[in-house]
Amino acid sequence: MDLNYFYTFKEVVKWGSYTKTGEELGYAQSSVTTQIRKLEEHYQIKLFERVGGKMRLTQSGEELYYYVEKIVSLLDEAEERISQESNLRGTLRIGTVESLAAYFITPYIKELKGKHPELKILLESGLCPNLKEGILEGKYDMAILLDRFSEHPDLTTIPIRQEKLVMIAPRGHRLHSLKRMNVRELESETLILTEKGCSYRVLLEQLLKENDVQAKSIISFSSLEAIKQCVADDLGLAILPEIAVQKEIESGKVVVKIPFDHEKSPLYTQIIYLEKKWLTPPLTQLIEALTS
């Protein structure tokens, strides 16, 4: 059995198309088809069925995919383990949230890339619950979250620092003169929130619910830049990590109204990875840089 067939199989699952898989791997479509057919002949099963113009795994295909993921992961780990520590090759897969990707992580990634120019670093943003699931499923080698600190039996969690949340408002807003703002002041305000599932949106929603407060209206965006611009344009208030709005605060584009570090549920920038994961030299170096 040619192990390259397993990599091809994974790509077909990813793209749902023999043609797209061939383009990504530099194969002719016929070569992809042949490799999948040989896998089917070897295991005496049908791996895919066509649904809505895409290739979807059969039940037998899903069972094989479970083992192929483990095999490929072990092969990748072996390749990384036997490589020279200097100028390592291979791929480092990191999941994180948008605010940390944009305002925290990049200097550390740049430093690691300088040490290992041939190392491929894949940085992907998402919501914290999805990133945790991605770690457990083996999608990421490591995730850097901005979330409440929580431990999981299958994960190693390393807190880096507690992050300060702030409520921001446009210049000249009526709340600017208040020395201390009661949460009930938000009943007459429009709140501009991040997408559902975001850790600091969840925190704000819980605080409003605990105090029986309902905002006048809600605007939701997935983009931090869109949220900040809406606040600057006097469309409402927002709660964001201070690191994400530092430039706007310093320039006077928006005004900080209140610190929003909720005592009951502080948020931390934190590293998570699988408890049993072998840490490659680049992964170890990145963790040490982030925590030093």
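The text that follows walks through the structure, step by step, so that each part is easy to find. Sequence order as written defines residue numbering, which begins from 1 separately in each chain. Side-chain atom pairs in this predicted model are given and counted only at pLDDT of 80 or more, local residue features only at pLDDT of at least 70, and totals for whole chains, interfaces and linings cover all residues. The side-chain values count all of the structure's non-hydrogen atoms but skip hydrogen atoms and water molecules.

Overview of the environment of threonine 34
For step 1, the next point in the chain: By definition, any uninterrupted DSSP run of H or I lasting at least four residues is a helix, any uninterrupted run of E lasting at least two residues is a strand, and each is numbered from the N terminus. Mapped onto the elements of the fold, threonine 34 is located in helix H3 (residues 29–43).
For step 2, the next point in the chain: When its relative accessible area of 26% is taken as the criterion, threonine 34 is described as partly exposed. With a 1.4 Å probe rolled over the protein chains alone, any residue whose accessible area is under 20% of its type maximum counts as buried; one over 50% counts as exposed, and the rest are partly exposed.

Things to note about the pairing of strand S5 (residues 142–148)
For step 1, the next point in the chain: Counting buried residues along S5, six of its seven residues qualify, which places the element largely inside the surrounding structure.
For step 2, the next point in the chain: Across three bridges, the pairing between strand S3 (residues 91–96) and S5 is parallel. Across the sheet, residue glycine 95 finds its bridge partner in S5, namely alanine 143.
For step 3, the next point in the chain: Note that S5 and strand S12 (residues 267–274) share six bridges and pair antiparallel. Along S12, the bridge assignment pairs isoleucine 144 with isoleucine 271. Here the rule is simple: two strands pair whenever DSSP picks up at least two bridges between them.

Some words on the pattern of salt bridges
For step 1, the next point in the chain: Any carboxyl oxygen of Asp or Glu that lies within 4 Å of a side-chain nitrogen of Lys or Arg is treated as forming a salt bridge with it. For the coordinates displayed, the defined rule picks out 13 salt bridges.
For step 2, the next point in the chain: Linking aspartate 141 and lysine 277 is a salt bridge whose minimum nitrogen-to-oxygen distance equals 3.0 Å. Note that aspartate 141 is positioned in the loop between helix H7 (128–136) and S5 and lysine 277 in the loop between S12 and helix H11 (281–291), a separation of 136 residues in sequence.
For step 3, the next point in the chain: Note on aspartate 141: relative accessible area 6%, which makes it buried.
For step 4, the next point in the chain: Look at lysine 277 and you get partly exposed, because its relative accessible area is 24%.
For step 5, the next point in the chain: Each of Arg93, Asp141 and Lys277 takes part in a single network of salt bridges with overlapping partners.

So, the sheet that holds strand S4 (residues 120–125)
For step 1, the next point in the chain: Sheet architecture is open: five strands sit in the order S4-S3-S5-S12-S6, paired in mixed fashion. Edge strands, defined here as strands with exactly one partner in the open sheet, are S4 and strand S6 (155–163). Going across the sheet, the axis of each strand differs from the next one's by a mean of 20°, ignoring polarity.
For step 2, the next point in the chain: As defined by bridge partners, S6 adjoins S12 across eight bridges and the pair is classed as antiparallel. Looking across to S12, one finds that arginine 161 is bridged to threonine 269.
For step 3, the next point in the chain: Contact criterion: two residues are considered in contact whenever any of their non-hydrogen atoms come within 4.5 Å of each other. Axis definition: a line fit to C-alpha positions, over the contact stretch in the case of helices; interaxial angles, taken between N-to-C directions, run 0 to 180 degrees. Contacts between helix H8 (residues 199–210) and the sheet are confined to S5 and S12, with S5 contributing the most and set at about 15° to the helix.

A closer look at the state of the cysteines
For step 1, the next point in the chain: Cysteine sulfur atoms that come within 2.5 Å of each other are treated as a disulfide pair. By the definition in use, this model includes zero disulfides.
For step 2, the next point in the chain: Of all cysteine sulfurs in the structure, the one in cysteine 198 sits closest to cysteine 128, which takes part in no disulfide; the separation is 7.1 Å.
For step 3, the next point in the chain: Given the relative accessible area of 3%, cysteine 128 is considered buried.
For step 4, the next point in the chain: Residue cysteine 198 is classed as buried on the basis of its relative accessible area, which comes to 9%.

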